[in-house]
Amino acid sequence: MIVVNQTAAPACLTLAIAGVSIAVDLPDPGWGPTLRERYAAFLADGSAAAWQVAVTHDPRLEVAAGAWMRHEGPRTTFRMTEFEGWIDLAARQAAVSIPSEARAASALERTLAYLLMQALPRQHDGLLLHATAAVIAGRGYLFAGPSGAGKTTIARLAAGHADVLCDENIVVRLAAAGPELLSTPFWGMSSPPELIRRVAARVPLAAIYILAHAADFRLERLAPAQAVLALLTTEKVTTERPESAAAWLTVAERLIAAAPVYRLGFRPTTELWDFLRGEVNRPLTPDPCLLEPP
Amino acid sequence: MTQPDLRKPVHNPHTASRVFSGEAVIVSPAENMVRLLNPVGSRIWELADGAHTVEEIAAVLTEEYAIELPMARESAAQFLHDLAGKELIAWA
C-alpha cells in the first residue's frame, strides 16, 4: 500500500503504498483536503518517509505541450501534456509541477506510479503491474493486460463475486511467506466512479491471468518465458532503462516460480467466476507414469 | 577450409536479459522492444558472454544439438550477425 503522511506540516501528506512511504509536499494547504479524502486509506505517519515528492504550482503549464521523457543515470526528467517534473531513484526524491489543483490528483498519480514502477523492482522485491486484482475467499487473483484487454471489465463483473483491489495498478511483492498482492489508489482515470473503492489491502497471490478476449472461456498455463513476455508486454515503462529491466526480470523470475501464470480467454459475463472456481478446484490429473508400479 | 571465427560476442550492456527454462527474454530499451529467442538462439545468447569465440559456440551447438560443425558455424555466425545488426551484441 502507499502511505501518505499528513502530520508533518499542513501542506504535507504522507502516503504508504505497497509498503513504500512517500512524503508529498504540497504548494498550498488548500490542496490537502481533497487529496487526503482521495487517499484516506493510504495515509500514514510521515516521520520516516522513504521518498520525498515536492509538488509545485505552475499555472503556465495549463498550455498543453508535447510529452517527452529523458533518462540520465538515476534521474528521469519528464514533461507530460499538462505537468512536468523529475524523479531521482538514487536520492529517492521527485518533483512535479502542476498547473492547478484540479490537475493535482492525475499528475501526482502518474508521477507516483512511474516512481513505483522503477523503484519497486530495484529496491523492494516488487513489481507494479498494469492489472486488476480480485480477492476471493482471502486469496488474490491478478488479471493483467494492456489497455483494452478487459481489466475494468473484470472489475465491473466482480460485483457480488469478488472484492476488487484496484482496476489499473497492482503491486506484486515477494514476501517470505510467498508472493502477495497489494492495492494501490491508482485506479484508471476513465474508470466508472461507482466502481472505485480506494482500499489499502494485502492478500496472498493465488494466480496470475493474462487477459484475452475470446468467444468462450479457456485457460492455458504459460511456460516461464511466455509468462514473463506476457507480463512485460503489458508494461512499457520498466523496459525504458536497462537497470530497471534487469531488476524487473530478476523479480519476475522469482514470481513465476512461485505463482502460476495463465492466459485467460474470456467473454464479459459473470460466468467467469464460476469458470475460474471450477478450474481452481479441479483436482490435478496424476501423471500416468506415476500410476505404474515401480 | 573455412577459417575459425575467433571473434567473441558479448551482450550489449544496454540490454537486459534472462533465460527461463531454456528460452531467453531480451529487453532492449533502445528499441523499446522485448524479444523471445528459441532454444537454440537462447543457447547462443547464453554463450555470447565475451569469453566464448564464435568457433567455440559452434562447437557447443555441435555437441548439444547433434548438428554438423559446418552447419553449426554457419548458424551461429548468421544468428550473431543478426543480433549485432540489432545492436543486441557487440564484439569483445
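Quick caveat: nothing in here was measured; it's all calculated off a predicted structure.

Rules used in this analysis
- Residues numbered from 1 in each chain as written.
- Chains lettered and ligands numbered in written order.
- Predicted model: local features only at pLDDT ≥ 70, side-chain atom pairs only at ≥ 80, totals over all residues.
- Heavy atoms only, no water.
- Helix = DSSP H or I, 4+ residues; strand = E, 2+ residues; numbered from the N terminus.
- Rg over C-alpha atoms; globule rule 2.2 N^0.38 Å.
- Contact = heavy atoms within 4.5 Å.
- Areas by Shrake-Rupley, 256 points an atom, 1.4 Å probe, with all protein chains shown as cover.
- Lys, Arg positive; Asp, Glu negative; His and termini not counted.
- Charge placed at Lys NZ, Arg CZ, Asp CG, Glu CD.
- Pairing = 2+ DSSP bridges.
- Axes fitted to C-alpha atoms, helices over the stretch in contact; angles between N-to-C directions.
- Expected span 1.5 Å × (residues − 1).
- Buried < 20%, exposed > 50% of the residue type's maximum accessible area, 1.4 Å probe, protein only.
- Domains from an automatic or database assignment.
- Buried area = accessible area lost by both parts, 1.4 Å probe.

> Explain the overall build of chain B to me, and be specific about the residues and the numbers.
Scanning chain B from N- to C-terminus turns up 3 helices and 5 strands. Order of helices (α) and strands (β) in chain B, N terminus to C terminus: β-β-β-β-α-α-α-β. Here the C-alpha atoms of chain B give a radius of gyration of 13 Å, agreeing with the 12 Å that 2.2 N^0.38 yields for 92 residues. If you line up chain B on its principal axes, its C-alpha atoms span 40 × 25 × 20 Å. Restricting to contacts in chain B with at least 6 residues of sequence separation, those with at least 24 account for 51%. Roughly 5,000 Å² of accessible area belongs to chain B as shown, and the carbon and sulfur atoms make up 54% of that amount. Computed over 7 positive and 13 negative side-chain charges, the inter-centroid distance for chain B is 4 Å.

> Tell me about the sheet that holds strand 2 (residues 16-20) of chain B, residues and numbers included.
Residues and elements named next belong to chain B. Spatial strand order, 2-3-4: 3 strands in an open sheet with antiparallel pairing. Each edge of the open sheet carries a strand with a single partner, namely strand 2 and strand 4 (33-36). Within this sheet the neighbouring strands show an average axis-to-axis angle of 15°, counted without direction. As defined by bridge partners, strand 2 adjoins strand 3 (residues 23-28) across 5 bridges and the pair is classed as antiparallel.

> Tell me about helix 2 (residues 54-65) of chain B, and please be specific about residues and values.
Residues and elements named next belong to chain B. Taking 1.5 Å of rise per residue, 12 residues should cover 16 Å, and helix 2 covers 16 Å from first to last C-alpha, within 8% of that figure. Among all positions in helix 2, only Val-54, Glu-55, Ile-57, Ala-58, Val-60 and Leu-61 are buried. Contacts from the buried residues of helix 2 go to strand 1 (9-11), helix 1 (39-47), helix 3 (69-85) and strand 5 (89-91). Taken from the residues just after helix 2, Ala-66 is the one with a positive phi, measuring 55°.

> Account for the domain arrangement of chain A, naming residues and giving values.
For interface size, the figure often reported is the accessible area lost on association. Residue and element names in this part refer to chain A. Taken domain by domain, chain A comprises domain 1 (11-123) and domain 2 (126-290). Taking only C-alpha atoms, the centre of domain 1 and the centre of domain 2 are 26 Å apart. Contacts between the two partners involve 25 residues from domain 1, matched on the other side by 26 residues from domain 2. Together, the buried faces of domain 1 and domain 2 total about 2,200 Å²; carbon and sulfur atoms form 65% of this surface.

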